[in-house]
Amino acid sequence: MTLSRRWRTLPAENDWAKTRARLLAAGADLVDLADSNPTRHDLGSPETAEIWARAACQAGRYDPDPRGPVAAREALAARFGGGPDDYWLTASTSEAYAWLGALLADPGDAFAIPAPGYPLIEPLARFSALRTEAYPLHYLHPYGWLLDPERLDAAVARPGVRALVAVNPGNPTGAYVDSADRDRLVESCRRWGLALVADEVFNPFAVDRDEGVRLAGEPQVLSFALDGLSKLLCAPGLKTAWIRLSGPAAETAPARAALDQIADSFLPVSAAAGLALPGLLGLADSVVAATRARLRSNLACLRAGLGADRVRVRRCDGGWTALADLPRTRPDPALDLLAAQRVAVHPGWFYDLPDPGCVAISLLPAPAVMAEGCARLRAWSDETAAGV
Ligand SMILES: Cc1ncc(COP(=O)(O)O)c(C=O)c1O
């Protein structure tokens, strides 16, 4: 038996993950500020389960529509715009990436993706026999993240690039695509004949600003916006996401027909998901408001508790993650913090952050957990500064 070439090098567990697992196994009093699973932080609505249970009771009759039930797609169109035929339900945004790989690219082609960025896009592309070409984003404190037009042009012009992925706001950068960036992305797509893939799962979660531009529904180029309940309702277990198609009719018509084929082959999302979606969308505003309040208060706690003299918390326009620059007195600050103070934060290299002192901190934990994590982080930075 031979596995595909994708698996010539099998992934190895890194030192940070090993240390975290060892501490957990030993029952250490770990403060986990790396956990972005909202269901572990008392977020989301209890009504989610009630709506889902009612839908599950009605789901006995299998009446498949490859796109997902029309009532669900009408509810999406009513909330987000477009028409019901512009939406396809999928089991996750990750699955949606796989569909778009099959739709837009041939084996060996590439998607242009932001760096730093969401680490799953590269393996998802690889599983579809695709490559990724990174276009870098740069951080300028306190202004935020900047798109470098020249590096973007260089990335999208590379051979085989078929789609331009924008994560809006980015994970872990939290940077929204502003209107000047949007014009640039659209122009790049038009110039190089690329599709625009807009991953907007974190879009409603504005933190250091009031709201961000949406790319969903972009009319000028062939566009696919990805979104889902895993973030919108803090409910990753519901496995309900969607793709919204938009663009010039001459390009959307063949894409629509091909997406229908792909949807027909993957078979529709669960009947309960389709039936529940209209009711579940009615919970989104209150879940988003409560989650945003948590994100904002945790970010304020980090800024107040860490002391700007030692730890710089970066601008965080949106999303569930804050980035902080720790003192670089140790080669791997996240590993050192974990070993010395039993505080888990993600090392920046998980996300291709170029700065070795930069770590990613989840803004989801309960306030008491965040306060304890801040206190330990502060103690660690005081000790490292004192050379302990
Ligand atoms: C930017 C981004 N897109 C997509 C996803 C995956 O979402 P889903 O649960 O719908 O697959 C994540 C998960 O964290 C994410 O950070």
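Keep in mind it's a predicted model, so treat the numbers as computed, not measured.

1. A closer look at helix H10 (residues 271-281)
- Among all positions of H10, only Ala272, Ala273, Gly274, Leu275, Ala276, Leu277 and Leu280 are buried.
- Packing partners of the buried residues in H10 comprise helix H2 (47-57), helix H3 (70-80), strand S2 (87-90) and helix H8 (229-232).

2. As for the sheet that holds strand S10 (residues 312-313)
- Pairing within the open sheet is antiparallel, and its four strands lie in the order S10-S11-S14-S13. Single-partner strands in this sheet number two, and they are S10 and strand S13 (346-347).
- As paired strands, S13 and strand S14 (residues 358-362) are joined by two bridges and run antiparallel to one another. When the sheet's bridge partners are listed, proline 347 is paired in S14 with valine 359.

3. Digging into the domain arrangement of the protein
- If you check the domain split of the protein, you get domain 1 (13-44 + 285-385) and domain 2 (48-282).
- One C-alpha centre belongs to domain 1, the other to domain 2; they are set 27 Å apart.
- The set of elements that each furnish at least two residues to the side of domain 1 that touches domain 2 consists of helix H11 (284-306) and strand S11 (321-325).
- For the side of domain 1 that touches domain 2, a count of residues per class yields 13 nonpolar, seven polar and seven charged.

4. What about the pairing of strand S8 (residues 223-228)?
- Counting buried residues in S8 gives six out of six residues, a clear majority hidden from the surface.
- Judged by which residues are buried, S8 turns out to be covered on both faces: Ser223, Ala225 and Asp227 on one side and Phe224, Leu226 and Gly228 on the other are all buried.

5. Brief notes about the environment of tryptophan 16
- Residue placement: tryptophan 16 occurs in helix H1 (residues 15-25).
- Sequence-wise, tryptophan 16 and alanine 339 are 323 residues apart; in three dimensions their C-alpha atoms are separated by 9.0 Å.
- Tryptophan 16 has contacts with Ala334, Leu335, Leu338 and Pro347, leaving out every residue within four places of it along the chain.

6. Concerning the sheet that holds strand S9 (residues 241-246)
- With respect to topology, eight strands assemble into an open sheet ordered S2-S9-S8-S7-S6-S3-S4-S5, the strand pairing being mixed. Whereas interior strands pair on both sides, the edge strands pair on one side only; in this sheet they are S2 and strand S5 (144-147). The sheet shows a mean angle of 25 degrees between the axes of neighbouring strands, taken without regard to direction.

7. So, the environment of methionine 370
- Here methionine 370 lies in helix H13 (residues 367-385).
- C-alpha separation for the pair methionine 370 and alanine 322, spaced 48 residues apart in sequence, amounts to 12 Å.
- Excluding residues within four positions of it along the chain, methionine 370 makes contact with Asn298, Cys301 and Pro365.

8. Overview of the packing of H2 against H10
- Close contact between H2 and H10 brings their axes to 8 Å; oriented N to C, the two are set at 140 degrees. One element, H2, and the other, H10, form an angle in the oblique class. The crossing of H2 and H10 is right-handed. Residues Thr48, Ile51, Trp52, Ala55 and Ala56 of H2 pack against Ala272, Leu275, Ala276, Gly279 and Leu280 of H10.
- A class-by-class count of the residues in the contact of H2 with H10 yields eight nonpolar, two polar and no charged.

9. Some details on the packing of H1 against helix H12 (residues 333-341)
- In contact at an axis separation of 10 Å, H1 and H12 are set at 15 degrees when each is read in the N-to-C sense. One finds that H1 runs roughly parallel with respect to H12. At the point where H1 passes H12, the crossing takes the left-handed sense. Only Ala334, Leu335, Leu338 and Ala339 of H12 make contact with H1, whose side of the interface consists of Asp15, Trp16, Thr19 and Arg20.
- Here the residues of the contact of H1 with H12 sort into five nonpolar, one polar and two charged.

10. What to know about unusual backbone geometry
- Across the junction of alanine 115 and proline 116, the peptide omega takes the value 0 degrees, indicating a cis bond.
- With respect to the helices and strands, proline 116 occurs in the loop between strand S3 (110-115) and helix H5 (121-127).
- Geometrically, the link from asparagine 171 to proline 172 is a cis peptide bond, its omega value of 15 degrees lying close to zero.
- Within the secondary structure, proline 172 is located in the loop between strand S6 (161-167) and helix H7 (179-192).
- Even without being glycine, aspartate 352 reaches a positive phi, approximately 65 degrees.
- With respect to the secondary-structure elements, aspartate 352 resides in the loop between S13 and S14.

About the criteria used
Residues numbered from 1 in each chain as written. Predicted model: local features only at pLDDT ≥ 70, side-chain atom pairs only at ≥ 80, totals over all residues. Buried ≥ 20, exposed ≤ 12 C-beta atoms within 10 Å, placed from the backbone. Helix = DSSP H or I, 4+ residues; strand = E, 2+ residues; numbered from the N terminus. Contact = placed C-beta atoms within 7 Å. Pairing = 2+ DSSP bridges. Domains from an automatic or database assignment. Nonpolar A, V, L, I, M, F, W, Y, C, P; charged D, E, K, R; others polar. Axes fitted to C-alpha atoms, helices over the stretch in contact; angles between N-to-C directions. Parallel < 35°, antiparallel > 145°, perpendicular 65-115°, else oblique. Left-handed = near helix turned anticlockwise from the far one by under 90°.

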